[in-house]
Amino acid sequence: MAVLKVKFTKTKRDKLAQILWILNWVSVVSGIILFSLGLFLKIEIKKRNEVMAKGDINSVPNMLISVGVIACIINFLGGKICYDCSDANKFSRWKLVMLPYIVCTFCFTFCILVGALMCYTMRNELEESLYLGLRDAIKFYKDTDIPGRCFLKKTVDLLQIGFRCCGNNGFRDWFEIQWVSPRYLNMASKEVLDRLKSNVDGKFLVDGVPFSCCNPSSPRPCIQYQLTNNSAHYNYDFLTEELNIWMRGCREALLDYYTGIMRSIGIAALLIWLFELSVLIGVRYLQTAMKNVLLLGDLEGESDGWLLENSFVETAKYNINIIKNLGKANQISTVSSMNDPNIDVQNTDCGKTNITTKSIPAAR
């Protein structure tokens, strides 16, 4: 029994073909939107590529870009098919193409759904990439004279100013690394030498942060050095006073920023998926209705259209059997005594013959 069978008149078939022609052109626009969203996300990721570790974070924008391009091509072809389907004579040219087209469109529509879901599952990979990338960027903050790393100080400073953050997880990350370049350290100073000798790695560690961590909205002048030394500042207690530096880590700030972008893109992709699915259903109805018109032979009469010719269970069983039998057509039987009509035929010795040859009479 057919699933969701609908009866179509000649007028309804023509209107359905015209509506689908328009919707396919709208779908081309939606493909351009998907492509643009993927490109935007790729550019945004590339902007902060210096503070991200290498990983699969580009899989989502690449997926959206690819799906957007395919959407434009498939829906452009779908618009041409639906336009011709308003005429039964023109439909005969597409009769054998429409079913493979519907199957390919279904797979493509499924890819849109996958791309939308990937926008919501990318958070863990992005968080790990940001953690490792920011850790290395802060570690090499002082290397302003080393090629390949000299840009990191500017990158980190602009990042902390722009996103109002400090450090990787928080401002205390700067206490654990030497972020002051050795060229700016006075090695003749006893204080500097004592700090270098105070730890095993010989690093110049201070309880201070770069200037980019300062909060300009704070009424108090920025305290970026000796943050844990109450005696170094007048009327100051770092345990109870609200510090005038950014408290949030840059990893959290960037993660919230990209999560917001991907959430918006995911919602847009889901809406486009629902729209593409509705167009696909309409094309399926049009294909089955036009196919039945040709079978009935009455181009002006009524015809039935459906989503599935049989029930869901029967259709699933049929497709499973097709998949199981895909490779059986070319298999060779391993049983030597079966399926070969020539297996027991004796070979003829063509080299020997018992037929007496007649002598050719000599010409007289």
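These numbers come from a predicted model, not from an experiment. (Residues numbered from 1 in each chain as written. Predicted model: local features only at pLDDT ≥ 70, side-chain atom pairs only at ≥ 80, totals over all residues. Heavy atoms only, no water.)

Side note on the nonpolar core
- Core analysis: the biggest nonpolar cluster contains 80 residues, and Trp 174 and Val 209 have the highest contact counts within it.
- For this core, the secondary structure elements donating two or more residues are α1 (10-47), α2 (59-84), α3 (88-121), α4 (123-139), α5 (152-163), α6 (190-197) and α7 (250-296).
- The element best represented in this core is α7, accounting for 18 residues.
- There are two domains that each give this core at least three residues, and those are domain 1 (2-137 + 252-320) and domain 2 (140-250).
- The residues contacting Val 209, other than those within four sequence positions of it, are Cys 166, Phe 171, Trp 174, Phe 175, Trp 179, Gln 224, Leu 227 and Ile 245. (Core = buried A, V, L, I, M, F, W, Y, C linked by side-chain atoms within 4.5 Å. Buried < 20%, exposed > 50% of the residue type's maximum accessible area, 1.4 Å probe, protein only. Helix = DSSP H or I, 4+ residues; strand = E, 2+ residues; numbered from the N terminus. Domains from an automatic or database assignment. Contact = heavy atoms within 4.5 Å.)

Focus: the side chain of Thr 109
- With respect to the secondary-structure elements, Thr 109 resides in helix α3.
- Residue class for Thr 109 comes out buried when judged on its relative accessible area of 1%.
- A polar contact is formed between the side chain of Thr 109 and the backbone oxygen of Thr 105, at a distance of 2.6 Å.
- Excluding residues that lie within four positions of it along the chain, Thr 109 makes contacts with Trp 273, Glu 276, Leu 277 and Leu 280. (Polar contact = N/O pair within 3.5 Å; in protein donor to acceptor, adjacent residues only side chain to side chain.)

Some details on the UniProt feature "transmembrane region" (unreviewed entry) in the protein chain
- Here, the residues flagged by UniProt with the feature "transmembrane region" (unreviewed entry) are residues 20-40, 60-78, 98-120 and 265-286.
- Strand forms 0% of residues 60-78 and helix 100%; the C-alpha atoms that close the span are 26 Å apart.
- The distance separating the terminal C-alpha atoms of residues 98-120 is 34 Å; by composition the span is 100% helix and 0% strand. (UniProt positions renumbered as here; feature names shortened; annotations may be inferred.)

Quick word on the state of the cysteines
- Overall, the coordinates contain three disulfides when judged by the stated rule.
- Along the protein chain, the cysteines that take part in disulfide bonds pair up as 1-6, 2-3, 4-5, counted in sequence order. (Disulfide = S-S within 2.5 Å.)

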